[in-house]
Every structure is written in C-alpha cells, then in structure tokens.
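Residue-level listing of the chains:
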Amino acid sequence: MCLLCLLGTVILFSSCSRATDKQPTVQSQSVLRSALEPLDVKSGNTPPAHADSHIDSKRAFQYTREVTAFGERYIGNENHKKLERYIVDHIKGDEVEDNAFTADTVKGKFPIRNIIAKFPGSKDGIIVIMGHYDTNYPLRGTGYVGANDGGSSTAILLEFANQLRAGGKKRAGYSVWLVWTDGEEAVKNWTATDSLYGARHLAEKWEKDGTLKKIKALMVMDMIGDADLNIDRDTNSTAWLLDLIHSAAEREGYQSHFYAREGPIEDDHLPFVQRGVPSADVIDLDYGYNNVFHHTPQDMMDKVSAKSLEIVGDTIMETIHMLDQR
Ligand SMILES: [Zn+2]
C-alpha cells in the first residue's frame, strides 16, 4: 500500500469515526478518491484512454520568458502594444477575432483588446480557455514584469494554440476558443467596477449575441507558473468542472498540486459564472511564502518553472479531452 493510500485510509477512518451527517471536507473527498482508485481498476472499471497529448513545457517556458522580456505591460503602454503584436503573430493562420473597446476607468479611458483564437470542432458547443496578458497597472514604473501574473497565463495559451492547431483542420470534439483577456487588473483598487475590464465586456457581448448558451465549459488560467505549484479550489467556480479538472490531474499523476486550499477567488471567470456559464478559475494564489511575490517586482522568471506549466498544461489538455467525451 502506497503512502498516499495509507493516508487516505487514515483520513477515511477518522472521518467515519466522527459519525457526522455533514459532507466530508473537500480535502478528504479528494484524498478518498485517490485511495479508492486502485479498487476501481481491479473491479474492471478501467478509465477511458488518455488524451495522451502533452504540451511542450520547455517551449511554454520560453514563451513566458519572451513575454516577460517585454517588461511592464500594463494597459495603454507601448510594451502592451508590442505584446499584442507578439500574440497575434503567433496565431497567424488561425481563425482570430478581435474584441477591442475603450474602457472608462477611475484613471481615465484605456484601449482594451481581448484576442480570441478559434479552433473549430465537430461537436456542437464551445470550450473556452482564458488567460490575461496585461500586467498590474498601479505597479507601473516599479520594474514589475509579472512573469507569473500575466506572463504564464499568456504563454500557456500560446502553447495550447500549438497543441490545438496540431490536431488538424477540425477537432474531433467541441470547438475550443482561446481568449487572451485584457484589463484583468484593477487600475486603482480592486472592486466590481475596477477590475476584469476585458472579461466583463466579453461576457456582456456573448450574452447578447447568444454565444454564452453554447459554452460547455470555461476555464481561466492565472498565475499557473509558480514553481511551488498549489492550485486553489475556488469556491466561486462551478463544482463539477473543478472535480473534472481534478480527475484529469489524477490521470496525469498531478493531483497533489490541486486543491489543498479552498476559498472564493475573483478572476476573469466571475462575469461568466454570474451568467450561468460552467466556469473554473485555475489559479495558485499563494505565490511565495505568504504570497510575498504576488504583485511585487519579485514576480520574475526565477519564481516560475517549466514543470508547473507542464502540470497545468497537461491537466487542462486532459480536461478538454474528458469534456469532449461528455
Ligand atoms: Zn494580478
């Protein structure tokens, strides 16, 4: 019996012994599932085949490095424009849609541009993967480059584009849309109206034009490059989608990096959750001891790892595969 199974058994026993009518905690549920998995295999319940598509994590890491090398990329600045061109260059030849508008903020008007790459599928419905590419505005001028917060999310979507493109003209499953969102960060203090500029605009637009109804699942990638990776279980997200992501992580053997902590997180998924779209925020919101690297000039390449990009990248590719089969 492996140590993890042993641990699972101990937790199972201890929660049984409490003889409570409450639901087990999230943590014990997921450990429990890991502990039971070998039994399922024995009883002939073998899980369906893997997607077996692994991202090129070295390349994703290189993208993170290139994106970060542009420097501060807050809304309205020159480096932000350079990064827009860098993203658009990368998806040249794919089906691309621009969603640009002017945001009215407490710091004035800013051009905001969501960039969407669409990879059509044979099944009716859309899986949306989002990640913001702007860096924190209040930290402008401090040398803040957001390797993890802004860099890793931009990069992993670029790598997802490579993977989805490699599948040929039409995917065997749902259409997948990648959205590089803009203006995720607040310009002054995070509030419902000073944050998520790009995502709020897109959710409104997609509500009006009927796109929202077609979305089977929406997943946001944010701060997923942390070398010490612990993805949070966000209680604002849709529970079944979080569970599916966990199952995908288990198939890849990465479940220990998921859901040790839980709590409500506000991110680009919120405007979609509020409109009834099944959505999950995939985020590690504990960046460095006591989150000391988050929104500080210490958010640099040395805190990010290719392995973390691989863990999240492979898990999300597997999640897409599992969604395709539903
Ligand atoms: Zn941020």
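The coordinates are above.
In this text the structure is predicted, and so the values were computed from the model without any measurement.

**Student:** So what exactly am I meant to see when it comes to the overall build of the chain here?
**Tutor:** Helix and strand counts for the chain come out as 9 helices and 8 strands. Across the 326 residues of the chain, 47% fall into the buried class. For the chain, the share of sequence-separated contacts (at least 6 apart) that also reach a separation of at least 24 residues comes to 80%.

**Student:** Would you take a moment to explain the nonpolar core for this structure?
**Tutor:** A general tendency of soluble globular proteins is for nonpolar side chains to be buried together. Counting residues in each nonpolar core, the largest one holds 80 residues, and the members touching the most others are Ile-129 and Val-282. Broken down by element, the residue count for this core peaks at 8 residues, all from helix α9 (residues 306–324). In this structure, Ile-129 is in contact with Leu-157, Phe-160, Val-176, Leu-178, Met-219, Met-221 and Ile-316, ignoring residues within four places of it in sequence.

**Student:** Would you mind showing me how to read the sheet that holds strand β3 (residues 121–132) here?
**Tutor:** Across a sheet, strands are paired by hydrogen bonds formed along the backbone, either parallel or antiparallel in direction. Sheet architecture is open: 6 strands sit in the order β1-β2-β4-β3-β5-β8, paired in mixed fashion. Two strands in the sheet have a free side with no partner beyond their single neighbour: β1 (95–105) and β8 (279–283). The sheet shows a mean angle of 20° between the axes of neighbouring strands, direction not considered. α9 rests against β3, β4 (171–181), β5 (215–222) and β8 of the sheet, and its axis sits at about 135° to β4.

**Student:** Would you mind showing me how to read unusual backbone geometry here?
**Tutor:** Backbone phi values are negative for most residues with the exception of glycine, while trans is the configuration of most peptide bonds. One non-glycine residue with positive phi stands out, namely Met-223, at about 55°. Examined against the element boundaries, Met-223 turns out to sit in the loop between β5 and β6 (231–234). A positive phi angle is found at His-295, which is not glycine, with a value near 55°.

**Student:** Teacher, can you tell me more about the packing of helix α5 (residues 147–166) against α9 here?
**Tutor:** Helix packing for two helices is described by the angle between their axes and how far apart those axes are. At a minimum axis distance of 11 Å, the contact between α5 and α9 shows a crossing angle of 45°. The pairing of α5 with α9 is recorded here as oblique in orientation. Judged by the sense of rotation from one axis to the other, the crossing of α5 with α9 is right-handed. Within the contact between the two elements, α5 uses Ser-152, Ile-156, Glu-159 and Gln-163 and α9 uses Leu-309, Val-312, Gly-313 and Met-317. Classifying every residue of the contact of α5 with α9 by side-chain character gives 4 nonpolar, 3 polar and 1 charged.

**Student:** Sorry, what's going on with the environment of Leu-270 here?
**Tutor:** Along the chain, Leu-270 falls in helix α8 (residues 270–273). Exposure remark for Leu-270: the 23 C-beta atoms within 10 Å place this residue in the buried category. If we ignore the near neighbours within four places in the chain, the residues touching Leu-270 are Leu-196 and Asn-236.

Rules used in this analysis
- Residues numbered from 1 in each chain as written.
- Predicted model: local features only at pLDDT ≥ 70, side-chain atom pairs only at ≥ 80, totals over all residues.
- Helix = DSSP H or I, 4+ residues; strand = E, 2+ residues; numbered from the N terminus.
- Buried ≥ 20, exposed ≤ 12 C-beta atoms within 10 Å, placed from the backbone.
- Contact = placed C-beta atoms within 7 Å.
- Core = buried A, V, L, I, M, F, W, Y, C linked by C-beta atoms within 7 Å.
- Pairing = 2+ DSSP bridges.
- Axes fitted to C-alpha atoms, helices over the stretch in contact; angles between N-to-C directions.
- Parallel < 35°, antiparallel > 145°, perpendicular 65-115°, else oblique.
- Left-handed = near helix turned anticlockwise from the far one by under 90°.
- Nonpolar A, V, L, I, M, F, W, Y, C, P; charged D, E, K, R; others polar.

Any link to function would need more than the numbers given here.
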